[in-house]
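The lines below spell out each chain.
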Amino acid sequence: MIADLVSKLQKKTDLSYDEMNSVMTDMLSGNTGDGQNADFLSFLAQKGETDDELLGMLDKMQEFALKVEPKVSGTVIDMCGTGGDKLQTFNVSTTASFVVAAAGGVVAKHGNRSSSGVSGSADIFEYFGYDLNKEPAEIADVLEKHRICFMFAQKFHPAMRHVSSARKQLGTRTAFNLLGPLSNPAGVKNQLVGVFSAVHLARLPAILKRKGAENVMTVRSDDGMDEFSTSALNRVCILKNNETLMSTIDPEVLGLHGSRLADIQIESKEDAIKSFVGVLNNTANRAMIETTALNAAGGLVVANVADGFEDGVGIALNTIKDGKAMSLLEKFVKSTGDISKLKEIVDG
């Protein structure tokens, strides 16, 4: 079957939802070869994926995934980017997730090791002794206790191993880069997603809307980040109450200071850890703290904690300054990892 569909894609013919759903069953079951998978993904990307094709892929990815059933009340969100901006910035969304949780939100964080950056969200959690192979029930308990958890993509999407060789072989973005952030194992209906191209700003909310999403915000900054930046204008698409609105967020209008990308870039995994702790401990540079606050503001809006960005930025900055963010990290690491690792960083 996959050979026939590769032939259609070569001719730039769109596939139906059912065709995509069916071939994904074969691919994720290991019934297709690496070469076939690579050809399929490559020609699909060259043609350009339709919403129906992406939805067919996403539904099948989620069908094959392990599931977490949150036991918390309130709006559960996720915050992550599609990655691939290659700007080597610190772990903005991971840091902002702790601020959102400390400010009253609930974050079921889904992520992986870095594909193009210095350090991914999984690298941060793992450094502090968090078990990336936690079972779904354990993760639900962590979320209930701390209002934040981490779900390692490789653990929760085991069937994706069947397409990993093809993805590595291609070495370029495929539809899976776009779908990864949308396939949260906790089934969140509210999320902030950074995108690697402005083309996807309105597209992802439209796809998620078809899956019953409630609040979705996508962002891309004019300096190329797949997150909110304080060094440029930020293009945003918001899905709320079944309506979609495009907007621009200017950090300076929100009272934040202009910065340079260099202020938030890192060179090593050690830098990543120190920046993450430094922001939550309110000792990092201003650009890192304010970048985190701006991204946390987006999360707080999606989580129905903040009324808007101005409100969200204020809540986020106060959560960092009054020690709530660091307090949450300490409790989280003490409960799920190795507190001595955190003390080493704090004590310098």
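Residues numbered from 1 in each chain as written. Predicted model: local features only at pLDDT ≥ 70, side-chain atom pairs only at ≥ 80, totals over all residues. Heavy atoms only, no water.

1. Re the overall build of the chain
Thought 1: Within the chain one finds 16 helices and seven strands.
Thought 2: What you see for the chain is a C-alpha radius of gyration of 20 Å, in line with the 20 Å of a compact globule of 348 residues.
Thought 3: In terms of overall dimensions, the chain has a C-alpha envelope of 60 × 40 × 40 Å along the principal axes.
Thought 4: Taken over 348 residues, the chain has a buried fraction of 55%.
Thought 5: Taking the contacts inside the chain whose residues are at least 6 apart along the sequence as the reference set, 71% of them involve residues at least 24 apart. (Helix = DSSP H or I, 4+ residues; strand = E, 2+ residues; numbered from the N terminus. Rg over C-alpha atoms; globule rule 2.2 N^0.38 Å. Buried < 20%, exposed > 50% of the residue type's maximum accessible area, 1.4 Å probe, protein only. Contact = heavy atoms within 4.5 Å.)

2. Points about helix 12 (residues 269–280)
Thought 1: The end-to-end C-alpha distance of helix 12, which contains 12 residues, comes to 17 Å, matching closely the 16 Å that a straight helix rising 1.5 Å per residue would cover.
Thought 2: Among the residues of helix 12, those classed as buried are Ala272, Ile273, Ser275, Phe276, Val277, Gly278, Val279 and Leu280.
Thought 3: In this fold, the buried residues of helix 12 make contact with helix 5 (92–102), helix 6 (121–127), helix 13 (286–302), helix 14 (309–321), helix 15 (324–336) and helix 16 (339–347).
Thought 4: Two residues or fewer past helix 12, Asn282 is found with a positive phi of approximately 60°. (Expected span 1.5 Å × (residues − 1).)

3. Some remarks on the packing of helix 3 (residues 34–47) against helix 9 (residues 161–170)
Thought 1: Put simply, helix 3 and helix 9 touch, their axes get as near as 8 Å, and they point 60° apart. Relative to helix 9, the element helix 3 lies oblique. In this structure, helix 3 crosses over helix 9, and the sense of that crossing is right-handed. On helix 9, the residues that touch Asp34, Asn37, Ala38, Leu41 and Ser42 of helix 3 are His162, Val163, Ser165, Ala166, Arg167, Gln169 and Leu170. (Axes fitted to C-alpha atoms, helices over the stretch in contact; angles between N-to-C directions. Parallel < 35°, antiparallel > 145°, perpendicular 65-115°, else oblique. Left-handed = near helix turned anticlockwise from the far one by under 90°.)

4. Some points on the side chain of Ser259
Thought 1: Relative to the helices and strands, Ser259 resides in the loop between strand 7 (243–249) and helix 12.
Thought 2: Polar side-chain contacts of Ser259 include one of 2.7 Å to the side chain of Thr230.
Thought 3: In this structure Ser259 touches Thr230, Ser231 and Ala287, once residues within four positions along its chain are discounted. (Polar contact = N/O pair within 3.5 Å; in protein donor to acceptor, adjacent residues only side chain to side chain.)

5. Here we look at the sheet that holds strand 1 (residues 76–81)
Thought 1: As summarised here, the arrangement of the seven strands in space is 3-2-1-4-5-6-7, forming an open sheet in which the pairing is mixed. Looking at the sheet topology across the chains shown, the edges are occupied by strand 3 (148–152) and strand 7. The sheet shows a mean angle of 20° between the axes of neighbouring strands, taken without regard to direction.
Thought 2: Here strand 6 (residues 234–240) pairs with strand 7 via seven bridges, running antiparallel. For Ile238, the partnering residue across the bridge sits in strand 7 and is Leu245.
Thought 3: Running over the sheet, helix 7 (residues 136–146) touches strand 1, strand 2 (106–111) and strand 3 and is turned about 155° from strand 3. (Pairing = 2+ DSSP bridges.)

6. Brief notes about the pattern of salt bridges
Thought 1: Per the counting criterion, the structure on display carries 16 salt bridges.
Thought 2: As a salt-bridge pair, Asp141 and Lys71 come within 2.4 Å of each other at their nearest N and O atoms. On the criterion of sequence distance, the pair formed by Asp141 in helix 7 and Lys71 in the loop between helix 4 (51–64) and strand 1 is long-range, its members being 70 residues apart.
Thought 3: If you follow the salt bridges from partner to partner, you end up with Asp14, Lys47 and Glu53 in one network. (Salt bridge = Lys/Arg side-chain N within 4 Å of Asp/Glu carboxyl O.)

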